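# Coordinates in review
So you can see what is in the structure, the chains are spelled out below.
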Amino acid sequence: MTVDDGTDETMGVKKSVFAYALKYGGELLEELLEYLGKKEYADYVKENRLSIANFLEETELVVDFYVYRILINL
């Protein structure tokens, strides 16, 4: 996949890094919260970070399951 600025990126890597940052915090989480800007958004993410990370990971599993299922039935 090529991004507008000409760099290549692997699909799914950003989501995985985002989920990791939410679960384990540290510098990645702080950078994410700075990116959000508004304090109320940052507070919401801090309070619900594990739920958000779990949702992202579960959604990926469900999508993968249905894509494989569709491809098998072709």
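Check the entry above for the structure.
What you see is a predicted model; the values in this text were computed from it and never measured.

## Let's talk about the overall build of the protein chain
In terms of regular secondary structure, the protein chain is built from 3 helices and 0 strands. When the helices and strands of the protein chain are read in sequence order from the N terminus, they spell out α-α-α. Looking at the protein chain as a whole, 14% of its 74 residues are labelled buried. Sequence separation of at least 24 residues holds for 45% of the intrachain contacts in the protein chain that already meet a minimum separation of 6. For the protein chain, the exposed area adds up to about 6,300 Å²; of that, 58% sits on carbon and sulfur atoms.

## A word on the pattern of salt bridges
Within the structure shown, the criterion is met by 2 salt bridges. Between glutamate 57 and lysine 23 there is a salt bridge whose closest N-O contact spans 2.8 Å. Here lysine 23 lies in helix H1 (residues 13-24) and glutamate 57 lies in helix H3 (residues 39-72), a separation of 34 residues in the sequence. Since its relative accessible area comes to 29%, glutamate 57 is described here as partly exposed. Across the pair lysine 39 and aspartate 43 runs a salt bridge, and its minimum N-O distance is 3.1 Å. With lysine 39 and aspartate 43 both in helix H3 and 4 residues apart, this pair spans about one turn of that helix.

## Let's talk about a nonpolar patch on the surface
Residues Val63, Val67, Tyr68, Ile70, Leu71, Ile72 and Leu74 make up a contiguous nonpolar surface patch of roughly 790 Å² in combined accessible area. Mapped onto the secondary structure, isoleucine 72 falls in helix H3.

## Describing the packing of helix H2 (residues 26-36) against H3
Across the interface, H2 lies against H3 with an axial gap of 8 Å and an inter-helix angle of 145°. Contacts between H2 and H3 pair Leu29, Leu32, Leu33 and Leu36 from the former with Tyr41, Ala42, Val45, Lys46 and Arg49 from the latter. Of the residues belonging to the contact of H2 with H3, the class tally is 7 nonpolar, no polar and 2 charged.

## Examining the packing of aromatic side chains
Scanning all chains against the criterion turns up 2 aromatic pairs. Residues tyrosine 20 and tyrosine 24 carry aromatic rings whose centres are separated by 4.7 Å and whose planes lie at 45° to one another, so their mutual orientation is tilted. Taken together, the residues tyrosine 20 and tyrosine 24, both in helix H1 and 4 residues apart, mark about one turn of the helix. Grouping residues by exposure puts tyrosine 20 and tyrosine 24 together as exposed. Arranged with centres 5.0 Å apart and planes meeting at 80°, the rings of phenylalanine 65 and tyrosine 66 form a pair that is edge-to-face. For phenylalanine 65, a relative accessible area of 48% puts it in the partly exposed group. Accessibility expressed as a relative area gives 44% for tyrosine 66, which makes it partly exposed.

Rules of the game
Residues numbered from 1 in each chain as written. Predicted model: local features only at pLDDT ≥ 70, side-chain atom pairs only at ≥ 80, totals over all residues. Heavy atoms only, no water. Helix = DSSP H or I, 4+ residues; strand = E, 2+ residues; numbered from the N terminus. Buried < 20%, exposed > 50% of the residue type's maximum accessible area, 1.4 Å probe, protein only. Contact = heavy atoms within 4.5 Å. Areas by Shrake-Rupley, 256 points an atom, 1.4 Å probe, with all protein chains shown as cover. Salt bridge = Lys/Arg side-chain N within 4 Å of Asp/Glu carboxyl O. Patch = residues over 30% accessible without salt bridge, like charges linked within 9 Å, V, L, I, M, F, W, Y side chains within 5 Å. Axes fitted to C-alpha atoms, helices over the stretch in contact; angles between N-to-C directions. Nonpolar A, V, L, I, M, F, W, Y, C, P; charged D, E, K, R; others polar. Phe/Tyr/Trp six-rings, centres within 6.5 Å; stacked < 30°, edge-to-face > 60°.

That's the geometry; what it means functionally is another story.
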